[in-house]
Amino acid sequence: MAACSQQPVHQSGPVGTDAPVVVPGSPGAPARTATPGERIGQPPKAAVASDVRFAEAMIPHHRQALEMTSLVNDRTTTPVIRAVARSITAAQTPEIKAMTAWLTELGRQAPTGHEHDQAASFGMATTQELNALRAARGTTFDRLFLQLMTRHHQGAVKMAGEELTNGRDQRMRMLAKDVYSGQSIEIARMNKALESLPA
């Protein structure tokens, strides 16, 4: 026993320094191993003006899309048009709620209606175009709906891209990623549907 207690103890360094640190990914994404010196669990970055502009512009942009989808059931029986409208409504309704809640937390009031200052550059439909959509029926409605909504989505993708470039708030950036990916997929779907319509 005495001999054993006199043997030197070898220790190469602080305990635990060689253990890898696993950082969870975003929902659906794989985890990764932290890099040496990386700080884990840093507080989220504070919102900047770009984040606020994104939310305040995207809310009315989404509202106009919902106004357009609300016209579908009474004006067409085309299954793909109805499916597209349901998909848009299902995605954009909760996004409006999320952005409204986020602005409220900042002490800002969400914009009302569906007007915003940069409408022309982000694919918003004009009053005349909306009136034409309301008046259309059947295949004429289908074609105009797809044309207007595709342009509308392209504008949203542009807005989301600007938020991903300039924004800092984690929630708004995650929402922008969802808009960018989801609406890009819907653009491809609508282009395919437009090609399938009778001449």
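Being a predicted model, the structure only gives us computed values, none of them experimental. (Residues numbered from 1 in each chain as written. Predicted model: local features only at pLDDT ≥ 70, side-chain atom pairs only at ≥ 80, totals over all residues. Heavy atoms only, no water.)

1. With respect to the packing of aromatic side chains
Applying the stated criterion to the full structure yields one aromatic pair. Ring centres of Phe141 and Phe145 lie 5.8 Å apart, and the angle between their planes is 20°; on these two criteria the pair is classed as stacked. Of the two residues, Phe141 and Phe145 both sit in helix α5 (residues 138-166), four residues apart, roughly one turn of that helix. With respect to class, Phe141 is no different from Phe145; both count as buried. The side chain of Lys158 reaches across the aromatic face of Phe122, ending 5.3 Å from its centre. (Phe/Tyr/Trp six-rings, centres within 6.5 Å; stacked < 30°, edge-to-face > 60°. Helix = DSSP H or I, 4+ residues; strand = E, 2+ residues; numbered from the N terminus. Buried < 20%, exposed > 50% of the residue type's maximum accessible area, 1.4 Å probe, protein only. Lys NZ or Arg CZ within 6 Å of the ring centre and 35° of its normal.)

2. Section: the side chain of Glu95
Relative to the helices and strands, Glu95 resides in helix α3 (residues 79-105). Of the buried charged residues, Glu95 lacks a salt bridge, with Arg63 as the closest side chain of opposite charge at 12 Å. Excluding its chain neighbours within four sequence positions, the residues that come into contact with Glu95 are His62, Leu175, Asp178 and Val179. (Lys, Arg positive; Asp, Glu negative; His and termini not counted. Salt bridge = Lys/Arg side-chain N within 4 Å of Asp/Glu carboxyl O. Contact = heavy atoms within 4.5 Å.)

3. Observations regarding the packing of helix α4 (residues 127-135) against α5
Orientation of α4 relative to α5, taken along the N-to-C sense of each, is 150°, at an axis distance of 9 Å. The crossing of α4 and α5 is left-handed. Contacts from Glu129, Ala132 and Leu133 of α4 reach α5 at Phe141, Leu144, Phe145, Leu148 and Arg151. Here the residues of the contact of α4 with α5 are counted per class, giving six nonpolar, no polar and two charged. (Axes fitted to C-alpha atoms, helices over the stretch in contact; angles between N-to-C directions. Left-handed = near helix turned anticlockwise from the far one by under 90°. Nonpolar A, V, L, I, M, F, W, Y, C, P; charged D, E, K, R; others polar.)

4. With respect to the confidence of the model for the chain
Residues at a pLDDT of 70 or more form 75% of the chain, whose mean pLDDT is 85. Low pLDDT, under 50, characterises residues 1-16; the predicted model gives this stretch zero contacts beyond four residues in sequence or across chains. (pLDDT = per-residue confidence, 0-100.)

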